[in-house]
Amino acid sequence: LLEIDPRKNPDLEALSPLLTWDVFWFDWLQSKNVSMLTDLTKNLEQLGVLSFKTEDFSIPIHGWSELIGSKNISVELEEQATLQSELVSWLFSNNEWLEGIRILIQSKEFENAGDILEKYGEGWLEQGFEPLEMLFWLRELPSVLLESRPVLCWLAAKACKEMNLKFLMSYYINHAENSLTSLARFSRNQDEWLQIEINEDGLKIGAVMEKLNLLKN
């Protein structure tokens, strides 16, 4: 993992995405056989802006002005988007889901990030994932998206309950219930309404309502 302390600079748009991202994944770079990897690390070491932390194999970088001055790498935006998409796919395949979500949110691909949180968020919390961090990533989504998707609202409410944030928990429960109630117009009765599927995994309104009632009780 290679982290960068980014600075505002008009030249950033012209730099390689490997320099504009605030995290490098060396395993991915090596799997891509990126030829600039050796030159990049050597150059950074010479500038004195590269340091290794052997305990977690992270490489924080400081000194953007020296880095920008040492490299003049221009790429097309299409190439940058392709590289980013490949990196996100690689992160997901290596169970680095939250890092992939972070990149999606940074790229304003909020729907995709929401889909992933909706699919895996409950499992992460059950495995002991920090509820505060889960709530942080959920609140990084646009409020109009978060509050219109009942599963994401339930996930936020669940994280709030674990932190004993009762008011915020009620806030998200209300939004989830309102979203589900709005779907009643597509059914003829309550039983039919409870059987409406709300996502591609076949999750039904009745199941979500049970989850919400458990939180309230």
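Since we're looking at a predicted model, the values are computed, not measured.

Aromatic rings considered in pairs are described by the distance between their centres and by the relative angle of their planes. Under the criterion given, the structure shown has six aromatic pairs. Relative to Trp 97, the ring of Phe 92 has its centre 4.7 Å away and its plane inclined at 20°; by these criteria the two rings are stacked. Of the two residues, Phe 92 and Trp 97, both sit in the buried class. Geometrically, the ring pair formed by Tyr 171 and Tyr 172 is edge-to-face, given 5.2 Å between the ring centres and 80° between the ring planes. Here Lys 211 stacks its cationic end above the ring of Trp 154, 4.8 Å away from the centre of that ring.

Here we come to the packing of helix α11 (residues 166–181) against helix α13 (residues 205–216). It is the contact of α11 with α13, at a shortest axis distance of 11 Å, that shows an interaxial angle of 160°. Judged by the angle between their axes, α11 and α13 are roughly antiparallel. Judged by the sense of rotation from one axis to the other, the crossing of α11 with α13 is left-handed. Taking contact as the criterion, the partners of Met 169, Ile 173, Ala 176, Glu 177 and Leu 180 in α11 are, on α13, Ile 205, Val 208, Met 209, Leu 212, Leu 215 and Lys 216.

Here we take up the confidence of the model for the protein chain. Overall, the predicted model of the protein chain reaches an average pLDDT of 75, with 63% of residues at or above 70. In this model residues 1–20 is a low-confidence stretch, pLDDT under 50, and it forms 64 contacts with partners more than four residues away in sequence or in other chains. A low-confidence stretch, residues 49–77 (pLDDT under 50), is modelled with 68 contacts involving residues beyond four sequence positions or located in other chains.

Glancing now at the nonpolar core. Judged by nonpolar contacts, the single largest core of 45 residues is most densely connected at Ile 101, Leu 117, Trp 124, Met 134, Leu 138, Tyr 172 and Leu 212. Only α5 (77–93), α6 (97–106), α7 (110–126), α8 (131–140), α9 (143–146), α10 (150–162), α11 and α13 provide two or more residues apiece to this core. Among the elements that make up this core, the one with the highest residue count is α10 (nine residues). The residues contacting Leu 138, other than those within four sequence positions of it, are Leu 117, Leu 146, Leu 152, Leu 155 and Ala 156.

Here Asp 191 shows up in helix α12 (residues 190–194). Taking the C-alpha atoms as reference points, Asp 191 and Gly 206, separated by 15 residues in sequence, lie 8.7 Å from one another.

Time to look at the pattern of salt bridges. Side-chain pairing between opposite charges can occur once the charged atoms of the two side chains come close. Counted under the stated rule, the structure contains seven salt bridges. Arg 102 serves as the salt-bridge partner of Glu 99, at 2.6 Å between the closest nitrogen and oxygen. Pair noted here: Glu 99 and Arg 102 are both in helix α6, with a separation of three residues, about one helical turn. Note on Arg 102: relative accessible area 15%, which makes it buried. Counted as one network, the salt bridges with shared partners bring together Glu 111, Asp 115, Glu 118 and Arg 149.

Before going further, it helps to spend a moment on the layout of surface pockets. The calculated volume of the largest pocket comes to roughly 550 Å³. Every residue lining the largest pocket is counted, 21 residues in all, and those nearest its centre are Glu 118, Arg 149, Asn 199, Glu 200 and Asp 201. For the lining of the largest pocket, the secondary structure elements donating two or more residues are α7, α10 and α13. A total of seven residues in the lining of the largest pocket trace back to one element, the largest contributor, which is α7. Of the residues assigned to the lining of the largest pocket, the class counts are nine nonpolar, four polar and eight charged.

All right, on to α7 then. Working note: α-helix, 3.6 residues per turn, so residues spaced by three or four point in the same direction. With 17 residues, α7 should reach 24 Å at 1.5 Å per residue; the first-to-last C-alpha distance of 24 Å fits that figure. Of all the bends in α7, the greatest, near 50°, is centred on Tyr 120. Every buried residue of α7 is listed here: Ala 113, Gly 114, Ile 116, Leu 117, Glu 118, Gly 121, Trp 124 and Leu 125. Backbone geometry just downstream of α7 places Gly 128 in the positive-phi region, at approximately 100°.

On to unusual backbone geometry. One non-glycine residue, Lys 108, lies in positive phi territory at about 65°. One can find Lys 108 in the loop between α6 and α7. One non-glycine residue, Asn 164, adopts positive backbone phi at about 60°.

Analysis parameters
- Residue positions are given per chain, counting from 1 as you read along its sequence in written order.
- Only residues with pLDDT of at least 70 are given local features in this predicted model, and only at 80 or more are side-chain atom pairs given and counted; all residues enter the totals for whole chains, interfaces and linings.
- Excluding hydrogens and water, the side-chain values take into account all heavy atoms of the structure.
- Centres within 6.5 Å make a pair out of two Phe, Tyr or Trp rings, where for Trp the six-membered ring is used; the pair is then stacked when the planes are under 30 degrees apart, edge-to-face when over 60, and tilted otherwise.
- Categorising residues by exposure relies on relative accessible area from a 1.4 Å probe, with only protein chains included: less than 20% of the type maximum marks a residue as buried, more than 50% marks it as exposed, and the intermediate range marks it as partly exposed.
- The rule for a charge over a ring is simple: NZ of Lys or CZ of Arg within 6 Å of the ring centre, and within 35 degrees of the ring normal.
- Each axis is a line fitted through C-alpha atoms, taken for helices only over the stretch in contact, and angles between the N-to-C directions span 0 to 180 degrees.
- What counts as a helix is a DSSP run of H or I of at least four residues, what counts as a strand is a run of E of at least two, and both are numbered from the N terminus.
- Angular relationships are summarised with four words: roughly parallel below 35 degrees, roughly antiparallel beyond 145, roughly perpendicular across 65 to 115, and oblique for the angles in between.
- Crossing handedness is read from the near helix: turned anticlockwise from the far helix by less than a right angle, it gives a left-handed crossing, and turned clockwise, a right-handed one.
- Working rule for contacts: check all heavy atoms of both residues, and any pair within 4.5 Å makes them a contact.
- Every residue carries a pLDDT, the predictor's confidence in it, which falls somewhere between 0 and 100.
- To define a nonpolar core, start from buried Ala, Val, Leu, Ile, Met, Phe, Trp, Tyr and Cys residues and group those joined through side-chain atoms within 4.5 Å.
- The working definition used for a salt bridge is a side-chain nitrogen of Lys or Arg within 4 Å of a carboxyl oxygen of Asp or Glu.
- Of the grid points, spaced at 1 Å and generated over the protein atoms alone, those admitting a 1.4 Å probe that cannot get out make up cavities, while open sets with protein on both sides within 12 Å along at least five of seven lines make up pockets; any residue with an atom within 4 Å of a point is treated as lining.
- Grid points are joined across faces, edges and corners, and a volume is the space filled by probe spheres set on the points.
- Residues are grouped as follows: Ala, Val, Leu, Ile, Met, Phe, Trp, Tyr, Cys and Pro are nonpolar; Asp, Glu, Lys and Arg are charged; all remaining types, including Gly, are polar.
- Under the convention used throughout, the expected extent of a helix is 1.5 Å for every residue step, that is, one less than its residue count.
- The reported bend at a residue is simply the angle between two axes, fitted to the 7 residues ending at it and to the 7 residues beginning with it.

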